[in-house]
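# Coordinates in review
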Amino acid sequence: MAIQQSEPGMMAPYQILDTEGNLVGEMPDLSPERLLFLYRSMQLGRAYSNKIIALQRQGRATTFGSLGGQEATAVGLAAPMQPQDWLATSYREIASLFVRGVPLPTVTYSFRGFTHPDWPAESRCLPIQIVIGTQMLHAVGLAMAAKIAGDPVVAVGVCGDGATSEGDFNEALNFAGVFQAPVVLVVQNNGWAISVPRHRQSAVATLAARGAGFGVPSRLVDGNDILAVYAVMQQAIENARAGHGPMLVETLTYRIGAHTTADDPTRYRDAAEVEAWRAKDPIVRFQRFLVQRNLLDEEQDRRIVEEVEEEVNEAVRIAEAMDPPAPDGFFDWMFAELSPRLQEQRADLLRFVDRDRQGGR
Amino acid sequence: MQMTMIEALNNALALELERDERVVVLGQDIGINGGVFRVTEHLQKKFGEKRVFDTPLSESAIIGSATGMSIYGLRPVAEIQFAGFLFVCMNQLVSQAARIRFRSGGAFTCPMVVRAPYGGGVRTPELHSDSLEGVFLQTPGLKVVVPATPPDAKGLLAAAIADPDPVLFLENIKLYRSFRQDTPEDHYLIPLGKAKTLQEGTDVSIFAYGAMVQVALEGARQAQQELGASIEIIDLRTVWPLDEEAIVASVEKTGRAIVVHEAPRAGGVGAEVTAIINEHCLYSLLKPVERVTGYDTPYPVPGQEDYYLPSPAKVLAAIRRAMEP
C-alpha cells in the first residue's frame with residue numbers, strides 16, 4: 001500500500017498587494033482613515049527604530065533591536081485586535097505596542113535603562129519579552145483564562161523564527177490545540193536568528209507547517225504586505241473569538257537592520273540578500289498602493305513622515321526629561337509587601353547612596 | 001477533625017475553589033485520577049472540568065500558561081507531579097512567573113501557587129525525592145513554603161493561594177500519610193514568612209522544616225534523655241523568606257544552633273540560616289552552627305537513601321558536639 005505523502009510546507013504565502021503595490025487579492029474592509037492609520041503606524045515604527053538606534057550610538061539609549069523592514073507584520077498583527085484582547089510580544093514588535101496605545105515615552109524611558117513606573121496595564125500588552133519564545137505560553141495562558149472566564153477575549157502571542165526551535169513554542173502550540181484556546185500565535189519569520197539563517201532552525205519547508213503536528217490550523221502570509229497580514233490576523237482573531245480555537249500564522253519578512261545595536265550582520269550575510277529584500281520594503285509597497293488609490297499624495301506623505309518624526313522626538317524629550325527612578329527603585333516591585341530582609345537591604349543601599357552624595361565617606 | 005496532610009491539602013483546595021471563583025487547579029493526572037497522591041481527589045467532580053483540569057505532560061507549559069492565567073486575573077494552583085521535575089520548567093518559574101511584577105513595574109502580577117511533592121525515604125525512582133528549595137533562595141520574587149503538619153499544610157496553602165505573588169509550595173511525600181492531626185474544617189490562614197516554635201528550650205536551637213521536624217523532635221527527645229539537654233525546636237514553615245527574627249531570638253537565648261534539612265548542604269537553607277546568625281548574633285554563639293543535611297551528591301538510589309537522609313542519630317550527634325564543654 002502506498003503511503004500518501006502530504007506536503008504541508010508547500011503553500012504559497014497569502015498576498016493582497018504585490019511588491020509594486022498592486023492589488024492582487026481581496027481588499028479587507030478598511031476605511032481610508034484606517035488605511036492611513038496603518039500607513040502612519042508603519043512610518044512611526046520605522047522612525048522610532050531609527051531614532052533609538054541613533055540615540056544608542058550617542059550613548060543615550062541601551063541595546064535596541066532594530067524594527068526596520070518588519071513594520072507590516074508588527075502593525076498588521078496588532079491593528080485588528082480589540083481593546084479587550086491581550087498581546088504578548090518579543091522585543092521586535094514595539095510598533096505593535098504603539099498600535100495598542102502604549103505611549104512612546106513609556107517605552108523610550110525603558111531604553112534609557114529604567115523601568116517605567118506606569119506601564120499601561122489597560123493596554124493589555126505585556127512588557128517586551130527578552131527570553132526567546134517564553135511569551136507564547138503566556139499568550140496561551142491568557143487565552144485559556146479568557147475561555148474559563150467566558151469572556152470574548154483573544155490573546156495574540158508573537159515570536160521570531162528562531163523561537164520556533166524552543167521547547168516553549170512547541171508546548172504553547174500543543175496547549176493551544178488541546179485546550180482550543182482563543183489564541184493566535186504569530187511567527188515573525190525575518191530570516192535570521194542573530195547570525196543563524198532560517199533553514200538552520202528547522203528542516204520543515206515553512207514554519208506555518210509546524211501547526212499541523214499540533215492540530216492547530218495555520219496560515220502563511222507575506223509579512224511585508226500590510227493588507228495581507230491585517231486580513232489574515234483579523235480572520236484568525238475573530239475565528240478564535242467565535243470559539244473556533246487557535247491559529248498559527250507565519251509572516252514572511254526580513255530583518256533589514258542588525259539583530260541589535262550590539263550586532264554586525266556583515267559578518268554573516270550577503271549585502272545582495274539585504275538589497276533584494278529592501279526592494280520589497282513594506283512601507284514603500286503600501287505607499288504605492290495608497291498613491292495609486294489616490295488616498296495619499298506626495299505632500300501628505302511628507303507631512304506624515306514629519307509628524308511621526310516629531311512624535312518620536314517629543315517622546316524622547318519627555319522620556320529624557322523624566323527623573324531617573326530613585327536609586328532603590330528596583331526594590332519597589334519585588335512583592336506586594338517587602339519582607340523585613342528586603343527592607344533592611346533597601347535601607348542599607350540608601351545609606352551608601354547618602355554617603356556617595358556626601359563625597360563617599 | 002483528624003486529617004492526614006493529604007486530606008488537609010484536599011480540604012484546603014476544596015474550600016478555596018468554593019470561596020473564590022478565580023481559583024483554578026491544573027496539572028498532570030489531577031482530574032479524574034485525583035493526582036498521583038490523591039491531593040486533588042474529587043475536586044474535578046465537584047467543581048467541573050473548567051476549574052480543575054488535566055494538562056498535557058508539559059511542565060514548562062503548565063507554569064507558563066498558569067503565569068498567563070494569573071496575569072489575566074485567575075488564581076491558578078498548578079501541580080508539578082514531583083519537585084524533581086521543576087528543573088524542566090525553571091525558565092517559566094524563575095525567569096517569568098517570579099519576575100512579572102518586577103518586569104512590569106507592578107502593572108501585572110502573578111498570584112499563582114505551584115505545588116510540588118518532594119522528599120525522601122519512600123523508595124522512589126530517580127528525581128522523585130529531591131529537595132530543591134535551596135535552588136530557589138536565589139530566585140527573587142518567589143516565596144517557598146514547606147509545611148510539616150496537616151493543620152499547617154491547610155492554613156499555609158490557603159495563605160499561599162491568597163498571596164498576591166507566586167508561591168512554591170513543597171509538600172513532603174513521607175508526611176502525606178504518616179500521621180493524622182486535628183485540623184479545623186473551616187477556612188483559616190497561617191501567615192507566610194513566620195516560623196513556629198514547637199518546643200521551647202534553653203541549650204540548643206534546632207531549625208527544621210518539612211519531614212525533618214519529626215527527625216529533629218526525635219533527636220531532641222533522645223538528647224534530653226541522654227544528656228539532659230533542653231532543646232528548642234523551630235519549624236521554619238516558610239523557607240524563603242526566612243523568619244530572621246525568630247531565628248535570631250532563639251539563638252540569642254540558647255547560644256547554640258543546628259539546622260536540619262534533606263536538601264544538599266552547599267548554599268542552601270542551612271547555609272543561609274548560618275549566615276543570618278553570623279550577621280545578627282554571632283557573639284551569642286557558644287559553639288559553631290551545625291548543619292545536619294543531605295550530602296552534596298545527587299539524591300541516592302532507593303537502596304542507599306537512608307544513609308543520605310538526616311536521622312535522629314545524626315541530630316543527636318550534632319547536639320552532642322554542640323553541648324561539649
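Preceding this paragraph is the structure being described.
All of the points below concern the structure found in this document. (Residues numbered from 1 in each chain as written. Chains lettered and ligands numbered in written order. Predicted model: local features only at pLDDT ≥ 70, side-chain atom pairs only at ≥ 80, totals over all residues.)

### A few points about the overall build of chain A
When its secondary structure is counted, chain A shows 11 helices and seven strands. Expected size for 361 residues packed as a compact globule is a radius of gyration near 21 Å; at 22 Å, chain A falls within 12% of this value. In terms of overall dimensions, chain A has a C-alpha envelope of 80 × 55 × 45 Å along the principal axes. Here chain A holds 361 residues, and the buried ones make up 47% of them. A separation threshold of at least 6 residues defines the contact pool for chain A, and within that pool the share at least 24 residues apart is 74%. (Helix = DSSP H or I, 4+ residues; strand = E, 2+ residues; numbered from the N terminus. Rg over C-alpha atoms; globule rule 2.2 N^0.38 Å. Buried ≥ 20, exposed ≤ 12 C-beta atoms within 10 Å, placed from the backbone. Contact = placed C-beta atoms within 7 Å.)

### A few points about the overall build of chain B
Helix and strand counts for chain B stand at 11 helices and 14 strands. Against the 2.2 N^0.38 benchmark of 20 Å for 325 residues, chain B shows a C-alpha radius of gyration of 19 Å, consistent with a compact globule. Based on the C-alpha atoms only, the size of chain B along its principal axes is roughly 65 × 40 × 40 Å. Counting the 325 residues in chain B, one finds 59% classified as buried. The long-range fraction of contacts in chain B, counting pairs at least 24 apart against all pairs at least 6 apart in sequence, stands at 79%.

### A short note on the interface of chain B and chain A
On the chain A side, the residues contacting the 35 residues of chain B number 34 residues. Elements that contribute at least two residues to the side of chain B that touches chain A include exactly helix H3 (59–72), helix H4 (90–96) and helix H5 (100–103) of chain B. For the side of chain B that touches chain A, the leading source of residues is H3(B), giving 10 residues. When grouped by side-chain class, the residues that make up the side of chain B that touches chain A number 14 nonpolar, 16 polar and five charged. (Nonpolar A, V, L, I, M, F, W, Y, C, P; charged D, E, K, R; others polar.)

### Let's talk about the sheet that holds strand S13 (residues 257–261) of chain B
Residues and elements named next belong to chain B. The strand order across the open sheet formed by five strands is S9-S11-S10-S13-S14, and the pairing between neighbours is mixed. Every other strand in the sheet has two partners, leaving strand S9 (196–199) and strand S14 (290–293) as the edge strands with one partner each. On average, each strand axis in the sheet is tilted by 25° relative to the strand beside it, whichever way the strands run. In the sheet, S9 pairs with strand S11 (residues 231–235) via three bridges, with the strands oriented antiparallel. Looking at the pairing, Gln199 lines up with Ile233 of S11. Its contacts with the sheet put helix H9 (residues 269–281) on strand S10 (204–208), S13 and S14, and the angle it makes with S13 is roughly 160°. Contacting S10, S11, S13 and S14, helix H11 (residues 312–323) crosses the sheet at an angle of about 175° to S14. (Pairing = 2+ DSSP bridges. Axes fitted to C-alpha atoms, helices over the stretch in contact; angles between N-to-C directions.)

### Focus on the pairing of S13(B)
Residues and elements named next belong to chain B. Counted residue by residue, S13 has five buried out of five residues, so it is predominantly covered. Alternating residues of S13 divide into Ala257, Val259 and His261 and Ile258 and Val260, and every residue in both groups is buried. Both S10 and S13 contribute to a ladder of four bridges, which runs parallel. Bridged to Phe207 within S13 is Val259.

### Concerning helix H7 (residues 212–227) of chain B
Residues and elements named next belong to chain B. Between its first and last C-alpha atoms H7 spans 21 Å; for 16 residues at 1.5 Å apiece the expected length is 22 Å, and the two agree. Along H7, the residues classified as buried are Met212, Val213, Val215, Ala216, Gly219, Ala220 and Ala223. Along the long axis of H7, the arc covered by the buried residues comes to 155°, so they all point the same way. Buried residues along H7 sit against S9, S10, S11, S13 and H11. A positive phi of about 70° marks Gly228, the residue just after H7. (Expected span 1.5 Å × (residues − 1). Arc of directions from axis to C-beta.)

### Structural notes on helix H9 (residues 282–292) of chain A
Residue and element names in this part refer to chain A. Pro282, Ile283, Arg285, Phe286, Phe289 and Leu290 are the residues of H9 that are buried. In an axial view of H9, the angular spread of the buried residues amounts to 165°, which keeps them on one side of the axis. Buried-residue contacts for H9 involve helix H1 (32–57), helix H2 (71–78) and helix H7 (226–241). Of the residues flanking the end of H9, it is Asn294, one or two places downstream, whose phi is positive at about 60°.

### Quick notes on the nonpolar core
Within the largest apolar cluster, 205 residues are counted, with the highest numbers of intra-cluster contacts made by A:Ala139, A:Val140, A:Val183, A:Val184, B:Ile206 and B:Ile258. Those residues in contact with B:Ile258 that lie beyond four places of it in its chain are B:Val204, B:Ile206, B:Glu290, B:Val292, B:Val315, B:Ala318, B:Ile319 and B:Ala322. (Core = buried A, V, L, I, M, F, W, Y, C linked by C-beta atoms within 7 Å.)

### Quick word on the packing of helix H1 (residues 5–19) of chain B against helix H6 (residues 150–162) of chain B
Residues and elements named next belong to chain B. Where H1 meets H6, the axes come as close as 8 Å, and the angle between the chain directions of the two elements is 30°. It follows that H1 is roughly parallel to H6 by the angle criterion. Two packed elements cross with a definite hand, and for H1 against H6 that hand is right-handed. Taken together, the residues of H6 that come into contact with H1 (itself represented by Met5, Ala8, Leu9, Asn11, Ala12 and Glu16) are Pro150, Pro151, Ala153, Lys154, Leu157, Ala158 and Ile161. (Parallel < 35°, antiparallel > 145°, perpendicular 65-115°, else oblique. Left-handed = near helix turned anticlockwise from the far one by under 90°.)

### Side note on the sheet that holds strand S3 (residues 52–54) of chain B
All names here are of chain B. With mixed pairing, seven strands are arranged side by side in an open sheet as S3-S2-S4-S5-S7-S6-S12. Each end of this open sheet is capped by a strand with a single partner; those strands are S3 and strand S12 (238–240). Sheet twist, expressed as the mean angle between neighbouring strand axes with direction ignored, is 20°. Both strand S5 (residues 113–118) and strand S7 (residues 167–172) contribute to a ladder of six bridges, which runs parallel. Paired with Val113 across the bridge in S7 is Val167. Taken strand by strand, H6 contacts strand S2 (23–27), strand S4 (75–79), S5, strand S6 (143–145) and S7, and its axis lies near 160° from that of S7.

### As for unusual backbone geometry
Residues and elements named next belong to chain B. The omega torsion across Trp240 and Pro241 is 0°, close enough to zero to call that bond cis. Here Pro241 is to be found in the loop between S12 and helix H8 (244–254). Within the chain, His42 stands out as a residue other than glycine whose phi angle is a positive 70°. Relative to the helices and strands, His42 resides in the loop between S2 and helix H2 (43–47).

### Focus on the pairing of S7(B)
All names here are of chain B. In terms of residue burial, S7 counts as a mostly covered element, since six of its six residues are buried. Here S7 shows no split at all, with Val167, Phe169 and Glu171 on one side and Leu168, Leu170 and Asn172 on the other all buried. Chirality of the crossover, the property in question, places the unit of S6, H6 and S7 among those that are right-handed. (Right-handed = clockwise from strand over helix to strand, strands pointing away.)

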